[in-house]
Every structure is written in structure tokens, then in C-alpha cells.
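Coordinate analysis (summary)
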Amino acid sequence: MQDCIFCKIVRGELPSTKVYEDDLVLAFKDINPQAPVHVLVIPKAHYENVLELPAHDGQLLSRLLSAIQQVARELGVAETGFRLVANTGPDSGQMVPHLHFHILGGRKMGHGMA
Ligand code: 5GP
Ligand code: ZN
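First things first, this report covers the structure right here in the doc. Values in this document were obtained by computation on a predicted structure and should not be read as measured data.

**A look at the packing of aromatic side chains**
Scanning all chains against the criterion turns up one aromatic pair. For the ring pair Phe-6 and Phe-28, a centre distance of 5.3 Å and an interplane angle of 80° mean the geometry is edge-to-face. Of this pair, Phe-6 sits in helix H1 (residues 5-11) while Phe-28 is found in strand S2 (residues 25-29), placing the two residues 22 residues apart along the sequence. Neither Phe-6 nor Phe-28 differs from the other in exposure class; each is buried.

**Concerning the sheet that holds strand S5 (residues 101-105)**
The sheet built from five strands is open, its strands ordered S1-S2-S3-S5-S4 with antiparallel pairing. The two strands at the open ends of the sheet, each matched to only one other strand, are strand S1 (18-21) and strand S4 (82-85). Each neighbouring strand pair of the sheet contributes to a mean axis angle of 15°, computed without reference to strand direction. Of the pairings in the sheet, the one linking S1 to S2 comprises three bridges and is antiparallel in character. Looking at the pairing, Tyr-20 lines up with Ala-27 of S2. With respect to the sheet, helix H2 (residues 58-74) is in contact with S1, S2, strand S3 (37-43), S4 and S5, its orientation differing from that of S3 by roughly 165°.

Definitions and limits used
- Residues numbered from 1 in each chain as written.
- Chains lettered and ligands numbered in written order.
- Predicted model: local features only at pLDDT ≥ 70, side-chain atom pairs only at ≥ 80, totals over all residues.
- Heavy atoms only, no water.
- Phe/Tyr/Trp six-rings, centres within 6.5 Å; stacked < 30°, edge-to-face > 60°.
- Helix = DSSP H or I, 4+ residues; strand = E, 2+ residues; numbered from the N terminus.
- Buried < 20%, exposed > 50% of the residue type's maximum accessible area, 1.4 Å probe, protein only.
- Pairing = 2+ DSSP bridges.
- Axes fitted to C-alpha atoms, helices over the stretch in contact; angles between N-to-C directions.
- Contact = heavy atoms within 4.5 Å.

Now the structure itself:
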């Protein structure tokens, strides 16, 4: 999508600190980290949120999951644990309408989900 900031990151029109990339998936550091490890894992194709992500696209789903696992291991939070969040729609506070999975770790998370 032309004006989507994450599509611009995918196209290299905006800078990012990449931590994983393949032909379908990109992971990069969040610009405003909420934890010592805060990475966003996105499909390169533009889907607004998990509701739009095609459930039948096994290749993409599998690649997203593999990327999440690889990033967690490489950034050292696989053992200590991390939170995986995909804000979806207005009540979630989703700011960027391009599907992204937050990986948050490197500190103790609160018990609340809010
Ligand atoms: P949301 O609230 O939509 O789930 O999260 C959007 C996330 O994207 C926020 O954590 C925000 O800091 C991050 N973000 C917004 N713009 C940029 C950007 O241009 N570059 C990077 N790396 N992260 C961004
Ligand atoms: Zn996009």
C-alpha cells in the first residue's frame, strides 16, 4: 500500500533495524521500545490485521511462526520468555494498520494484559 509506513519499510523507503528477513516476512526493532527486546514481525504483503490474514495461506502462516521463533531465539528471549501481541482493530489501540506481531521480552511483564 502506497502510504502505509510498514509497506514503506518493506520497500526500503523508510529505514529500520532489521533482525530477520526472507521473501515473505520482515522483522525489525520497534522505534519506541516498550521492553529491552521489542521487535515487530510482519508479512511483507499488506494485510490490515489478523482478520485479513488469509487463514488458508499455510506458507505465509508457517513462515511468520518460524520468524517469530527464530527472532525469539536469536535475541535471547526464548529461554527467559516473551509476550507475543497482535493488536487488532479500534479497541486494541492498533496504530499501524499493517499486521504486526510484537515480540516483547527481556524484562518481567506485568500480569495484566492491558
Ligand atoms: P500498534 O499500536 O499498531 O500495535 O503498534 C505499532 C508499533 O509500531 C508501535 O509500537 C510503534 O512504536 C511502532 N512504530 C510506529 N512507526 C514506526 C516506524 O516508523 N518504525 C518502527 N521501527 N516502528 C514503528
Ligand atoms: Zn502496509
